[in-house]
Amino acid sequence: MAKAWHLTSRPAGLPVMDNFALREIPDAPLQPDQLRVKNLWLSVDPYMRGRMNDAKSYAASFQIDQPMTGGAIGEVIESRMDGFAVGDLILHMGGWRDGGVIGLDMSPNKLPAAALDAGMTPQTFLHNMGLTGGTAWIGLLRVAAAKPGDTVFVSAAAGAVGSAVVQIAKAREMIVIGSAGGADKCAWVSDLGADAVIDYKAGPVLPQLARALETLGKPGIDVYFDNVGGEHLDAAFATANDFARFAICGMIDVYNDGRAQEMKYIIRTIPARIRMEGFIYTDQFFDCMEEFYADMGGLIASGAVTMRETVHDGVEATPDAFLGLFAGANMGKMLVRV
């Protein structure tokens, strides 16, 4: 019998283990348009924190005492769905569990055999070829319309999305300043090709960003890719060139406490004519999916884009992996190997 994590109460602030329970989920014969899967990899992502609130958002709230969902890679072990056979590896939304029955509502898609035959690992479709890589690509190239020669500032540059942004930008001949927390993460961001890296744990962001720009001989930033909000966003306002573009992907700095954002330099939006746009990956992904897969697949194959994986083992470890996102415990993509 499969096991799935359930949300048992809505968190107040940072979630705790008491908000979750791992329970068996009933087994049953397959109905038409259903698959039985054995999950191999699970994704945990910051956006899931918003789904734990009872509030209207772009993703439906988790329901109390119901199985939670999220991105997963699974193997089909029984099928009554056209186009899927036993042994197929699939990307689907029946995560936070070790397997079980899924239907069309879990958006199952077969992993492309050509990519797997070429040596791409299945879990790549949970990061660089999936949600995080797609978010990075769309936010940088479509929302921010970044172009060669732009100076790009990326917060959470050692995270799954941020590290992809750094590498895509360098592949497009941009100047990149990344922000990360701690010496090890900063060293990795530098290894990814960033032209300058600031350590937000070592002091205020704005003076470090200003020094990095001075060292690079740049008057300001043309693009800001925001994963954090707060101090990072305000530093971007302070250093933006005229007609800078801000792609607002996430604000993990305030996901748990919901405190008001203090923006000392937001007034620069007017004289600098800054364009700031929040975006959701699914808004644009299906219109450019083939282009994304071709471009990102080529970047991965060439070695221009890589990913580090922070892996927890066992479905039992899923909440710990999720909570680690808010403690900076991941370098690259946080995953659970079932």
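In short, a report on the structure. Computed from a prediction, not measured in an experiment: that's the story for all the values here.

Once that is clear, we can look at helix α3 (residues 131-143). Here α3 is 13 residues long, yet its end C-alpha atoms lie only 16 Å apart, well below the 18 Å a rise of 1.5 Å per residue gives. Within α3, 11 of the 13 residues are buried, leaving the element largely enclosed by the surrounding structure. Considered for burial, the residues of α3 that qualify are T132, G133, G134, T135, A136, W137, I138, G139, L140, L141 and V143.

Applying the stated criterion across every chain yields a total of 14 salt bridges. Put simply, R36 and D27 hold a salt bridge, and the shortest N to O gap is 2.6 Å. Residue R36 is classed as buried on the basis of its relative accessible area, which comes to 13%. Residue R275 pairs with E277 through a salt bridge whose shortest N-O separation is 3.2 Å. On the basis of relative accessibility, which here comes to 35%, the residue R275 falls in the partly exposed class. A network of salt bridges, in which partner residues are shared, links D27, R36 and E78.

As a packed pair, α3 and helix α4 (residues 160-171) sit with axes 8 Å apart at the nearest point and diverge in direction by 50 degrees. Accordingly, the angle class assigned to the pair α3 and α4 is oblique. The interaxial crossing formed by α3 with α4 has right-handed handedness. Of the residues in α4, those touching α3 at T132, T135, A136, W137, L140 and L141 are A160, V161, A164, V165, I168 and A169. In terms of residue class, the contact of α3 with α4 is made up of 10 nonpolar, 2 polar and no charged.

Turning our attention to the side chain of N330. By the secondary structure assignment, N330 is in the loop between α9 (318-324) and β15 (333-337). The contacts of N330, once residues within four sequence positions are left out, are A158, G159, K185, T310, G324 and L325.

The phi dihedral of E173 is positive, around 65 degrees, even though this residue is not glycine. Mapping E173 onto the fold places it in the loop between α4 and β9 (175-180). Residue E173 is classed as exposed on the basis of its relative accessible area, which comes to 61%. At F243, a position not held by glycine, the phi torsion is positive, near 65 degrees. What makes F243 partly exposed here is its relative accessible area of 49%.

Here the focus is the packing of α3 against helix α8 (residues 281-302). Interaxial distance between α3 and α8 falls to 9 Å at its minimum, and their mutual angle equals 100 degrees. With respect to their mutual orientation, α3 and α8 come out roughly perpendicular. Every residue of α8 that contacts α3 at L131, G133, G134, T135, W137, I138, L141, R142 and V143 is listed here: Y281, Q284, F285, C288, E291, F292, D295 and M296. Residues belonging to the contact of α3 with α8 are distributed by class as follows: 10 nonpolar, 4 polar and 3 charged.

With respect to the element layout, F322 can be found in helix α9. Sequence-wise, F322 and D45 are 277 residues apart; in three dimensions their C-alpha atoms are separated by 6.9 Å. In contact with F322, other than residues within four places in its own chain, are P15, V44, D45, M48, R49, M52 and W96.

Our focus in this paragraph is the pairing of strand β11 (residues 221-226). When you tally the buried positions in β11, you get 6 out of 6 residues, the bulk of the element. For β11 and strand β12 (residues 240-248), the ladder comprises 5 bridges, and the chain directions are parallel. By the bridge assignment for β12, V223 is matched with R245. A crossover links β11 with its parallel partner β12, the connecting element being helix α7 (residues 230-239), and its sense is right-handed.

Among all positions of helix α5 (residues 183-191), only K185, C186, W188 and V189 are buried. Around the axis of α5, the buried residues are gathered within 160 degrees of arc, so they sit on the same side. Turned more than 90 degrees away from the buried face of α5 sit A183, D184 and D191, all of them exposed. Residues of α5 that are buried in the fold lie against α4, β9 and β10 (196-199).

With the rule as written, the count across this model stands at 9 aromatic pairs. Relative to F246, the ring of F237 has its centre 5.3 Å away and its plane inclined at 45 degrees; by these criteria the two rings are tilted. When sorted by exposure, F237 lands in the same class as F246, which is buried.

Along the chain, W188 falls in helix α5. When its relative accessible area of 6% is taken as the criterion, W188 is described as buried. For the pair W188 and S302, spaced 114 residues apart in sequence, the C-alpha to C-alpha distance is 19 Å. Ignoring sequence-local partners within four residues, the contact set of W188 consists of A158, S163, R308, M331 and G332.

Thresholds, definitions, all that
Residues numbered from 1 in each chain as written. Predicted model: local features only at pLDDT ≥ 70, side-chain atom pairs only at ≥ 80, totals over all residues. Heavy atoms only, no water. Helix = DSSP H or I, 4+ residues; strand = E, 2+ residues; numbered from the N terminus. Expected span 1.5 Å × (residues − 1). Buried < 20%, exposed > 50% of the residue type's maximum accessible area, 1.4 Å probe, protein only. Salt bridge = Lys/Arg side-chain N within 4 Å of Asp/Glu carboxyl O. Axes fitted to C-alpha atoms, helices over the stretch in contact; angles between N-to-C directions. Parallel < 35°, antiparallel > 145°, perpendicular 65-115°, else oblique. Left-handed = near helix turned anticlockwise from the far one by under 90°. Contact = heavy atoms within 4.5 Å. Nonpolar A, V, L, I, M, F, W, Y, C, P; charged D, E, K, R; others polar. Pairing = 2+ DSSP bridges. Right-handed = clockwise from strand over helix to strand, strands pointing away. Arc of directions from axis to C-beta. Phe/Tyr/Trp six-rings, centres within 6.5 Å; stacked < 30°, edge-to-face > 60°.

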